[in-house]
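Chain by chain, the residues run as shown.
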Amino acid sequence: MLLAIDTATLASGVALATADKLVAEIILQTKKTHSERLMPHIEQLLELGQVAKEDITAIAVSIGPGSFTGLRIGLATAKALAYVWRVPVVGVSTLAALAYACPAPNSLLCPLLDAQKGNVYQAVYRWEAGNLIEITAPRVIAHQDAIKELKEQPLPVMMLGEGAVLFQEAIVAAGSPIELAPPHVILPRAGSVALLGHQMLAQGINDDAMTLEPLYIRRSEAEVLWEQRHGACV
């Protein structure tokens, strides 16, 4: 049984899954911080799923890109539990997990997350023979440029994620072939992190709990401000 944790965005999610079955999942989006609700949700999830801590054989965690604070909370929790329970941990791309939740084989899937100042974290995926294939690697791009690029695609394009919600007016205005994903798949799901985590582990992919780091892509605003005030390190 695998435990999945996703705190990369405003939504907080935890899930339990076997390799071919989603056993239980809790997703919540409130004003409380992830640090307040994550551990209580894990305890509740284990109780609801009737799963003992000893039954957990691995942990999957969403590693970003996304909220710097949220990523640190989720990753720290995953590392601590992996160490205490002595189980492997695997880091899953937040953007890939978003795309995984949308089984649209004849479309391009474009998850977007807010990267501030009109920019988005973006990647592009496509389903091929039942496998999720990365077409464009995660990057930071102005949301207008992302929309402009995808407007030229011959295939339908499904926009997902908090960035799609944030810039939905521009997405809707762009029209065909771009469209906004429906509400039930537009936000991250820990269940997708869990199932992707199982796939990665089956492929022999796992991470060192001591060295696994978030996929930030860009520096935090605090780092940028510090450098502006103190100068870049030589």
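Refer to the preceding data block for the structure.
First things first, this report covers the structure right here in the doc. Worth saying up front: this structure is predicted, and the values here are computed from it rather than measured.

## Digging into the sheet that holds strand β1 (residues 2-6)
Here is step 1: Here we have five strands laid out as an open sheet, ordered β3-β2-β1-β4-β5, and mixed in their pairing. Looking along the sheet, the strands with just one partner apiece sit at the ends: β3 (22-28) and β5 (89-92). Averaged over all pairs of adjacent strands, the angle between strand axes in this sheet comes to 15°, irrespective of strand direction.
Here is step 2: Here β1 runs beside strand β2 (residues 12-17); their pairing, made up of five bridges, is antiparallel. Paired with Ala-4 across the bridge in β2 is Ala-15.
Here is step 3: Helix α1 (residues 34-48) contacts β1, β2 and β3 of the sheet and is inclined by roughly 25° relative to β2.

## Details of the pairing of strand β9 (residues 157-160)
A regular strand carries its side chains on alternate faces of the sheet.
Here is step 1: Neither face of β9 is open: one carries Val-157 and Met-159, the other Met-158 and Leu-160, and all of them are buried.
Here is step 2: For strand β6 (residues 108-114) and β9, the ladder comprises four bridges, and the chain directions are parallel. Bridging across to β9, Pro-111 finds its partner in Leu-160.
Here is step 3: With three bridges joining them, β9 and strand β10 (residues 178-180) adopt parallel strand pairing. The residue bridging Val-157 from the neighbouring strand is Ile-178, located in β10.

## Considerations on the pattern of salt bridges
Here is step 1: All chains considered together, the criterion is met by three salt bridges.
Here is step 2: Here Glu-43 ties to Lys-53 by a salt bridge, and the two come within 3.5 Å at their closest N and O atoms. In this pair, Glu-43 is assigned in helix α1 and Lys-53 in the loop between α1 and β4 (58-62), connecting sequence segments 10 residues apart.
Here is step 3: For the salt bridge of Glu-149 with Arg-139, the shortest nitrogen-to-oxygen distance reads 2.7 Å. Here Arg-139 lies in strand β8 (residues 131-142) and Glu-149 lies in helix α4 (residues 143-151), a separation of 10 residues in the sequence.

## Details of a nonpolar patch on the surface
Here is step 1: On the surface, a cluster of nonpolar side chains totalling about 200 Å² of accessible area is made up of Val-140, Leu-215 and Ile-217.
Here is step 2: Its location among the elements puts Ile-217 in the loop between α8 (190-202) and α9 (221-230).

## Some thoughts on helix α2 (residues 68-85)
Side chains that are three or four residues apart share a direction in an α-helix, a result of its 3.6 residues per turn.
Here is step 1: Counted at 1.5 Å a residue, the expected span for α2 with its 18 residues is 26 Å, and the 26 Å between its end C-alpha atoms agrees.
Here is step 2: Taken as a whole, α2 has its buried residues at Phe-68, Gly-70, Leu-71, Ile-73, Gly-74, Leu-75, Thr-77, Ala-78, Leu-81, Ala-82 and Trp-85.
Here is step 3: Packing partners of the buried residues in α2 comprise β1, α1, β4, β5 and β7 (119-128).
Here is step 4: At the exit of α2 stands Arg-86, carrying a positive phi of roughly 60°.

## Quick word on the packing of aromatic side chains
When we look at a pair of aromatic rings, we describe it by the centre distance and by the angle of the planes.
Here is step 1: Considering all chains together, one arrives at two aromatic pairs under this definition.
Here is step 2: With 4.6 Å between their ring centres and 5° between their planes, Phe-68 and Tyr-216 make a pair best called stacked. Placement of Phe-68 in helix α2 and of Tyr-216 in the loop between α8 and α9 is noted, with a sequence separation of 148 residues between them.
Here is step 3: Residue classification places Phe-68 among the buried residues on the basis of a relative accessible area of 12%.
Here is step 4: In this structure Tyr-216 comes out as partly exposed when scored by relative accessible area, which is 24%.
Here is step 5: Measuring from centroid to centroid gives 5.5 Å for Tyr-100 and Trp-127, while their planes differ by 50°, and the two rings are tilted. One end of the pair, Tyr-100, is in helix α3 (residues 94-100); the other, Trp-127, is in strand β7, and 27 residues separate them in sequence.

## Points about the environment of His-34
Here is step 1: Here His-34 is to be found in helix α1.
Here is step 2: The class of His-34 is buried, set by a relative accessible area of 8%.
Here is step 3: A sequence separation of 71 residues divides His-34 from Pro-105, and the C-alpha atoms of the two residues are 33 Å apart.
Here is step 4: Dropping the residues within four chain positions of it, His-34 is found in contact with Thr-7, Thr-9, Leu-10, Ala-11, Ser-12, Gly-70 and Ile-73.

Basis of the calculations
- Residues numbered from 1 in each chain as written.
- Predicted model: local features only at pLDDT ≥ 70, side-chain atom pairs only at ≥ 80, totals over all residues.
- Heavy atoms only, no water.
- Pairing = 2+ DSSP bridges.
- Helix = DSSP H or I, 4+ residues; strand = E, 2+ residues; numbered from the N terminus.
- Axes fitted to C-alpha atoms, helices over the stretch in contact; angles between N-to-C directions.
- Contact = heavy atoms within 4.5 Å.
- Buried < 20%, exposed > 50% of the residue type's maximum accessible area, 1.4 Å probe, protein only.
- Salt bridge = Lys/Arg side-chain N within 4 Å of Asp/Glu carboxyl O.
- Patch = residues over 30% accessible without salt bridge, like charges linked within 9 Å, V, L, I, M, F, W, Y side chains within 5 Å.
- Areas by Shrake-Rupley, 256 points an atom, 1.4 Å probe, with all protein chains shown as cover.
- Expected span 1.5 Å × (residues − 1).
- Phe/Tyr/Trp six-rings, centres within 6.5 Å; stacked < 30°, edge-to-face > 60°.

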